[in-house]
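# Examining the three-dimensional arrangement
One-letter residues, chain by chain:
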Amino acid sequence: MNKINKSVQLGILTGVLVSCAGSDKPSTPNIIVILADDLGYGDLSVQGATEVNTPNIDKLANQGIRFTNAYATSATSTPSRYALMTGMYPWKNRDAKILPGDAPLIINPSQFTLPKMMQESGYVTGAIGKWHLGMGAGNVNWNDTIKPNANDIGFDYSNLIAATNDRVPTVFVENGLVVGLDINDPIFISYEKNFEGEPTALTNPEMMKIQWDHGHNQSVHNGIPRIGYQKGGKSAMWKDEDMADYFTGQVKDFITQNKNKPFFLYFGLHQPHVPRTPNQRFVGATNLGPRGDAIVEADWCVGELMAHLEKEGLLENTIVIFSSDNGPVLNDGYKDQAAELANKYDYKPAGNLRGGKYSLFDGGTHIPLFVYWKHKVQSKVSDALICQVDVLASIASLINYPLKGEFDSQNLLPLLLGKNDEGRKNLVIEANGKMAYREQDWVLIPPYSGPERNLTGNELGNLPSGGLFNLSKDQEQLINIKDVYADKFNSMQKTFLEIVGEFYNPETEEIELK
């Protein structure tokens, strides 16, 4: 036995030495997480989309592992990104909800995070693109270094959208500093009242090249009405049509600069979140208007990233995880014909799933998830239940990082690498302060009052008497079997309440710390 062990050890050591001698590349795999914004389960051609073609994203799915049963924790952006970064359910943090553009950073710098784990493991870390987790400590001074920022929670480099595409300030923030800011033209931001003399969508409609539908009628920048008021900072304002080129260029630069070290990169795509403003070369790429064209542009971004990895000789040493922050929405505040054209071409961005962004129904959190690692992960389709919150614990296992403390993240590394099909047994999802519970193929939606739909037209999943659905037999959640399977409904509700504990008050129907 000892002789065999020594032989194995010698073989491993020899392999490592040969590998190191023949290449300057790191022996630890690089890890890239690409997170699209408001991309639905049915928005990719690999998953049945007929009016958009996404060959680059499809390649990740077809040559890697395509998970058909993957979830975000949340049906909106901020909480789902919080879960990815922290490995914790977002409903355990009262601030993990859709944030205004001037919100403080909701991840405490003392909190353990995915990028901190990577830093401690010798990785160079970068965050580029969509963020929406807040910046600063409140009352942000955009004309000075913004602290805390993404660098304070584990990223060596960050270049991020200050808020969201549709919120002011319409600037990029690099390592806590607004990019291209002229100190003689400082930025001022308000989410309460406009600055005297500054035009808005209501006072100066002639400035708009994109029309607002609801909630986006304040400052107008680049011909687009936004949420919130901004004065100054003109030299720093982005041009929406060039955002994809800008961020993709930043991604390439980060990869090239760190190609001889192990790196962890978070790339937050801004597509197809509103306002949808693809570069002119993508306009007309689909029959679905700006939303469809923006998805094609996002696919281009992924293709450029993958081609650059190959150019730098990093493709076989890089794990790429692709997903979306939540389900799709068509009319999210702008008149861009997304809903009308989808109806015309019978296009279903959530596929056969019910609901979408903001919804407790499956379309709100059931999202695309693909894992690609050339020659290391074999092509496979998996129906196992998995959630983005599990990325942290799974990567910890991959890099042999000893996690300490309690996390909602589960170690599903064998599943992510295609070694087995053992996924989660259950999952709590949330949407706008309300929660639902999945257990195997069963989904419980507790009783909730409230409107059936919001201004976007998406169903919210408010069922006054509650709901029970079996997704293996009713993927579209059309048949509420709560009364037929009353015992199952009651037992799941009991388990759900045990899991959420102090964080949920059934009397007020809200997530709250009691």
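Computed from a predicted structure; not experimentally measured.

Next up on the list: the confidence of the model for the chain. This prediction gives the chain a mean pLDDT of 93; 93% of its residues lie at or above 70. Across residues 1-26, where pLDDT falls below 50, the model places eleven contacts with residues more than four positions away in sequence or in other chains.

Glancing now at the pattern of salt bridges. Any two side chains of opposite charge can pair if their charged atoms end up close together. What the rule picks out here adds up to 21 salt bridges. Close ionic contact of E459 with R354 constitutes a salt bridge, the shortest N to O distance being 2.9 Å. Residue E459 is found in the loop between β19 (442-445) and β20 (467-470), and its partner R354 is found in the loop between α7 (338-344) and β14 (369-372); the two are separated by 105 residues along the sequence. Among the charged side chains, a salt-bridge network with shared partners connects D37, R81, K130 and D325.

Our focus in this paragraph is the pairing of strand β13 (residues 318-324). The element β13 is largely enclosed, with a buried count of seven among its seven residues. Residues T318, V320, F322 and S324 line one face of β13 and the alternating positions I319, I321 and S323 line the opposite face, and both faces are buried. Where strand β1 (residues 30-36) lies against β13, seven bridges are found, and the strand directions are parallel. Across the sheet, I31 pairs through a bridge with I319, a residue of β13.

With that settled, the discussion passes to the nonpolar core. Counting 62 residues, the largest nonpolar core has F67, M117, M118, W131 and W142 as the members making the most contacts within it. The element that contributes the greatest number of residues to this core is helix α8 (residues 391-398), accounting for four residues. Discounting residues that sit within four places of it in the chain, W131 has contacts with R81, M85, L105, A150, I153, F155, L160, I161 and Y266. By size, the runner-up hydrophobic cluster in this structure holds 45 residues, among which are L60, V251, I255 and A342.

With that settled, consider the sheet that holds strand β5 (residues 157-161). Overall, mixed pairing links the ten strands, which are arranged β7-β6-β5-β4-β12-β1-β13-β14-β2-β15 in an open sheet. Bordering the open sheet on either side are β7 (177-178) and β15 (380-382), each of which pairs with just one other strand. Note: strand β2 (residues 65-67) against β15, three bridges, orientation parallel. Counterpart to R66 in the pairing with β15 is V381. Packing against the sheet, helix α5 (residues 243-257) makes contact with β1, β4 (124-129), β5, β6 (172-174) and β12 (263-268), and its axis sits at approximately 175° to β12.

Below, the discussion takes up the side chain of T248. Tracing the backbone shows T248 in helix α5. Residue class for T248 comes out buried when judged on its relative accessible area of 2%. Leaving out residues up to four positions away in the same chain, T248 has contacts with F267, W300, C301 and E304.

Okay, the packing of α5 against helix α6 (residues 289-311) next. Packed helix pairs are characterised by how far apart their axes lie and by the angle those axes make with each other. Packing of α5 against α6 leaves a shortest axis separation of 10 Å and a crossing angle of 20°. As far as their axial angle goes, α6 and α5 are roughly parallel. Relative to α6, α5 is oriented so that their crossing is right-handed. Mapping the contact onto sequence places A244, D245, T248, V251, K252, I255 and T256 in α5 and E297, W300, C301, E304, L305, H308 and L309 in α6. Here the residues of the contact of α5 with α6 are counted per class, giving seven nonpolar, three polar and four charged.

The next point concerns unusual backbone geometry. With an omega of -5°, the peptide bond between K147 and P148 qualifies as cis. Within the secondary structure, P148 is located in the loop between β4 and β5. Across the junction of V168 and P169, the peptide omega takes the value 0°, indicating a cis bond. As for its placement among the helices and strands, P169 is situated in the loop between β5 and β6. You will see that D38, though not glycine, has its phi angle at about 70°, which is positive. Tracing the backbone through its elements, the reader meets D38 in the loop between β1 and α2 (55-62).

To continue, consider the pairing of strand β17 (residues 426-431). Among the six residues of β17, five are classified as buried, and the element is accordingly described as predominantly covered. In this sheet, strand β18 (residues 434-439) lies alongside β17 in antiparallel orientation, the contact comprising six bridges. Looking across to β18, one finds that E430 is bridged to M435. In this structure, the hairpin formed by β17 and β18 is closed by a connection of two residues, where N432 is found at a positive phi of approximately 55°.

Inspection of the entire model under this criterion finds 16 aromatic pairs. Considering the side-chain rings of F112 and F407, the 5.6 Å spacing of their centres and the 65° angle between planes classify their relative orientation as edge-to-face. Placement of the pair is F112 in the loop between α3 (77-86) and α4 (114-120) and F407 in the loop between α8 and α9 (413-416), with a sequence separation of 295 residues. Classification of F407 by relative accessible area gives partly exposed; the value is 22%. On the numbers, 5.8 Å between centres and 85° between planes, the contact of F254 with F263 is edge-to-face. Pair check on accessibility: F254 and F263 agree, each one buried. Cluster of aromatic residues (ring-pair linked, three or more members): F172, W238, Y246 and F247. Here R281 stacks its cationic end above the ring of W300, 4.6 Å away from the centre of that ring. Here the guanidinium or amino end of R354 rests over the ring plane of F361, the centre of that ring lying 4.0 Å away.

Interaxial distance between α2 and α6 falls to 7 Å at its minimum, and their mutual angle equals 60°. Between α2 and α6, the interaxial angle falls into the category oblique. In this structure, α2 uses P55, N56, I57 and L60 to contact α6, whose residues at the interface are D299, W300, V302, G303 and M306. Its residues assigned to classes, the contact of α2 with α6 shows six nonpolar, two polar and one charged.

Scoring rules and cut-offs
- Along every chain, residues carry numbers that run from 1 in the direction the sequence is written.
- Only residues with pLDDT of 70 or above have their local features reported here, since the model is predicted, and side-chain atom pairs are shown and tallied only from 80 upward, although totals for entire chains, interfaces and linings are computed over all residues.
- Note that water and hydrogens are dropped before the side-chain values are worked out from all heavy atoms of the structure.
- The predictor attaches a confidence to each residue, called pLDDT, with possible values from 0 through 100.
- Contact between two residues is taken to exist if any of their heavy atoms lie within 4.5 Å; hydrogens are not considered.
- Here, a salt bridge means any Lys or Arg side-chain nitrogen found within 4 Å of an Asp or Glu carboxyl oxygen.
- Numbered from the N terminus, helices here are DSSP runs of H or I no shorter than four residues, and strands are runs of E no shorter than two.
- Relative accessibility decides the category of a residue: with a 1.4 Å probe and only protein chains considered, values under 20% of the type maximum give buried, values over 50% give exposed, and everything between is partly exposed.
- For two strands to pair, DSSP has to find at least two bridges joining them.
- Residues enter a nonpolar core if they are buried and are Ala, Val, Leu, Ile, Met, Phe, Trp, Tyr or Cys, with the set joined through side-chain atoms within 4.5 Å.
- Simply put, an axis is a line fit to the C-alpha atoms, just over the touching stretch for a helix, and the angle between two N-to-C directions goes from 0 to 180 degrees.
- The labels follow the angle: roughly parallel below 35 degrees, roughly antiparallel above 145, roughly perpendicular from 65 to 115, and oblique for the rest.
- Two helices crossing with the near one rotated counterclockwise from the far one by less than a right angle form a left-handed crossing, whereas a clockwise rotation gives a right-handed crossing.
- Note that Gly is not counted as nonpolar here; it falls among the polar residues with everything else outside the nonpolar set of Ala, Val, Leu, Ile, Met, Phe, Trp, Tyr, Cys and Pro and the charged set of Asp, Glu, Lys and Arg.
- Pairing of aromatic side chains here covers Phe, Tyr and the six-membered ring of Trp, requires ring centres within 6.5 Å, and sorts the geometry by plane angle: under 30 degrees stacked, over 60 edge-to-face, intermediate tilted.
- Two conditions define a charge sitting above a ring: the NZ of Lys or the CZ of Arg must be within 6 Å of the ring centre, and it must be within 35 degrees of the ring normal.

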